[in-house]
Amino acid sequence: MKILLAQFFISLIHSLRDLTPIVAVIAAFQLLVLGQPIPNLFEMLWGMLLVLLGMTFFIQGLKLGLFPIGESLAWNFAAKGSLTWLLIFAFALGFGTTVAEPALIAVANETAKVAIAGGWLENKPLAQQHYAYGLRLTVALSVGCAVVIGVLRILLGWPIHHLIIFGYIGVVIMTPIAPPEIIGIAYDSGGVTTSTITVPLVAALGIGLASSIEGRNPVTDGFGMIALASLTPIMFVMAYGALL
Amino acid sequence: MTAYYLSLWSTLLSTLTDVLPITFILLVFQAFVLRRRIANLTKVILGFVLVVLGLTFFLEGLERALFPIGKLMAQQLTTPEFLGLASADAERTWRDYGWVYVFAFTIGFASSIAEPSVMAVAIKASEVSGGTIQPDGLRVAIALGAAIGIALGAFRIVAGIPVQHFIIPGYVLVLIQTWLAPRNIVALAYDSGGVTTSTVTVPLVTALGLGLSSHIPGRNPMVDGFGAIALTCLFPIMTVLGYAQIGQWRTRRATQSGDETDTS
């Protein structure tokens, strides 16, 4: 119990370290540049406290449950087991972690609101919900595919920059075809996905796999996984926008 | 107050459905494919409860603080009074929005210089490079990249330039740099783009972009509001590859001059 509390405290300090620079910059701008009082200061402070507590609980919870299980599974699948199950696991891991990614949930909801305000979407709660879910599922599918490609890449020894070059050629070809109002969101979704929950679990699979195969370097081979996972969402979201 | 609890409750319910898939996937694979029992079940359940509560609080806090403050900053930094314009309809160019770029740059630098995952990447990269790359120098390179990325993202919203006009040339440059940079740094450089955009920075930058595009005349949030995150992922790749190239070049020059003194 004591260890748990100590870990909790460390998590709290980590979250605080994430939040402090941002709060400091905003406060400095408000006081020195804008010279205006913040409206609803109490509400904002309360919200910041919720963000701080939320991050601490979320990360601590992941460390207690999902991270150890996910990492041991990733190592086990990487070390032995059939290729089919490895690929199914890779897809499921990419998909599941992306659905639970906090930043993506928040940005997808916000995007749906903007789409309604701009008249791209019917102003109904159900339409808003469907749009946000559709966006998140598209991104989750694309990350699942990225992890599968990443696994195949490590197994077959494809160089990462070849895949990246092909990927960006794909992005360049799709950009003029996609509707203009989806392009910004599509480009952003790559960076939004690779965050708190996806990065540790997906990287664990990559590093585990690279260290279990002879002739692979865990550092250079294991890490390219994240680069792929921030590339495929761009294409998938543009396709989603073009089909919608 | 009831409305407050109601919104918290509905966030809690939707969070539950967000976290269930990954939990289900991991447990099913553990039980049926690897056929292992879950050690420490109480700890795992406690962890699940914490994850759901944490995500709920985080999303509620975003709605109450980070999203509103990002939009508020965007609004305050673009009012005609703050810009020093005579009237609301006065002619304005991208040059009038200097403070917007300064704010974007500062947020980008401050949020990534102390980011734990940036530090982790920096330490790993210095190990891989065998000492030609200093962890602190690399951190500054990543943070500068993130700062330039957000500032450029703000500039393109103000100026109304499509995001692909920056992204596509950017990636062409990255490809050229990839070809020239030391092999072992490439994968880490690509990753350094993803790690700078933390869970706190992403919503704030999104809110800033949406706020700017809805307060600047002639901009449309849906078309112009996004894209800053994408640029924030791109520029650290460039600065890290550039930093590695400079490091390599310096080492090569040092050994060359060393050789010359040996032979002479």
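Heads up: the structure comes first, above all this text.
Predicted, not measured: the structure shown is a model, and the values here were computed from it.

Undergrad: Looking at this structure, how should I read the environment of I226 of chain A?
TA: Along the chain, I226 of chain A turns up in helix α10 (residues 218-229). Counting along the chain gives 110 residues from I226 of chain A to I116 of chain A, while the straight-line C-alpha distance between them is 32 Å.

Undergrad: How should the side chain of Q76 of chain B be read in this particular structure?
TA: By the secondary structure assignment, Q76 of chain B is in helix α2 (residues 41-78). Not counting the four nearest positions on each side in its chain, Q76 of chain B is found in contact with Q30, L34, Q36 and P37 of chain A together with F82 of chain B.

Undergrad: Got a minute to help me understand the nonpolar core in this structure?
TA: One finds F89, Y187 and L205 of chain A together with F103 of chain B to be the most contacted residues of the largest nonpolar core, which totals 155 residues. Looking at this core, the element that brings in the most residues is α2 of chain B, giving 14 residues. Non-local contacts of F89 of chain A, meaning those with residues more than four positions away in its chain, are made with L73, A74, F77 and L205 of chain A together with L26 and F29 of chain B. Within the second largest apolar cluster, six residues are counted, among which are F57 and L64 of chain A together with Y4 and F57 of chain B.

Undergrad: Which parts of the structure should I look at to understand the interface of chain B and chain A?
TA: Size of an interface, as often reported, equals the accessible area lost when the parts are brought together. Contact residues are listed per partner, giving 89 residues for chain B and 91 residues for chain A. Across the chain B to chain A interface the summed buried area is about 8,000 Å²; carbon plus sulfur atoms make up 78%. The largest share of the area that chain B buries against chain A comes from L26, F29 and M222 of chain B, three residues that together contribute 9% of it. At the junction of chain B with chain A, the criterion picks out four salt bridges. A salt bridge links K71 of chain B to E110 of chain A, with the nearest nitrogen and oxygen atoms 2.5 Å apart. A total of 27 residues in the side of chain B that touches chain A trace back to one element, the largest contributor, which is α2 of chain B. Its residues assigned to classes, the side of chain B that touches chain A shows 58 nonpolar, 20 polar and 11 charged.

Undergrad: Could you clarify how one ought to interpret the pattern of salt bridges in this entry?
TA: Side-chain pairing between opposite charges can occur once the charged atoms of the two side chains come close. This model, assessed by the stated rule, comprises seven salt bridges over all chains. The salt bridge involving K113 of chain A is made with E63 of chain B; its shortest N-O contact spans 3.2 Å. Residue K113 of chain A is found in helix α5 (residues 102-117), and its partner E63 of chain B is found in helix α2; the two belong to separate chains. Here R139 of chain B ties to D136 of chain B by a salt bridge, and the two come within 3.6 Å at their closest N and O atoms. Placement of the pair is R139 of chain B and D136 of chain B together in helix α6 (residues 135-159), with a separation of three residues, close to one helical turn. Here the residues in one salt-bridge network are E110 and K113 of chain A together with E63 and K71 of chain B, joined through shared partners.

What counts, and where the lines are drawn
Residues numbered from 1 in each chain as written. Chains lettered and ligands numbered in written order. Predicted model: local features only at pLDDT ≥ 70, side-chain atom pairs only at ≥ 80, totals over all residues. Heavy atoms only, no water. Helix = DSSP H or I, 4+ residues; strand = E, 2+ residues; numbered from the N terminus. Contact = heavy atoms within 4.5 Å. Core = buried A, V, L, I, M, F, W, Y, C linked by side-chain atoms within 4.5 Å. Buried < 20%, exposed > 50% of the residue type's maximum accessible area, 1.4 Å probe, protein only. Buried area = accessible area lost by both parts, 1.4 Å probe. Salt bridge = Lys/Arg side-chain N within 4 Å of Asp/Glu carboxyl O. Nonpolar A, V, L, I, M, F, W, Y, C, P; charged D, E, K, R; others polar.

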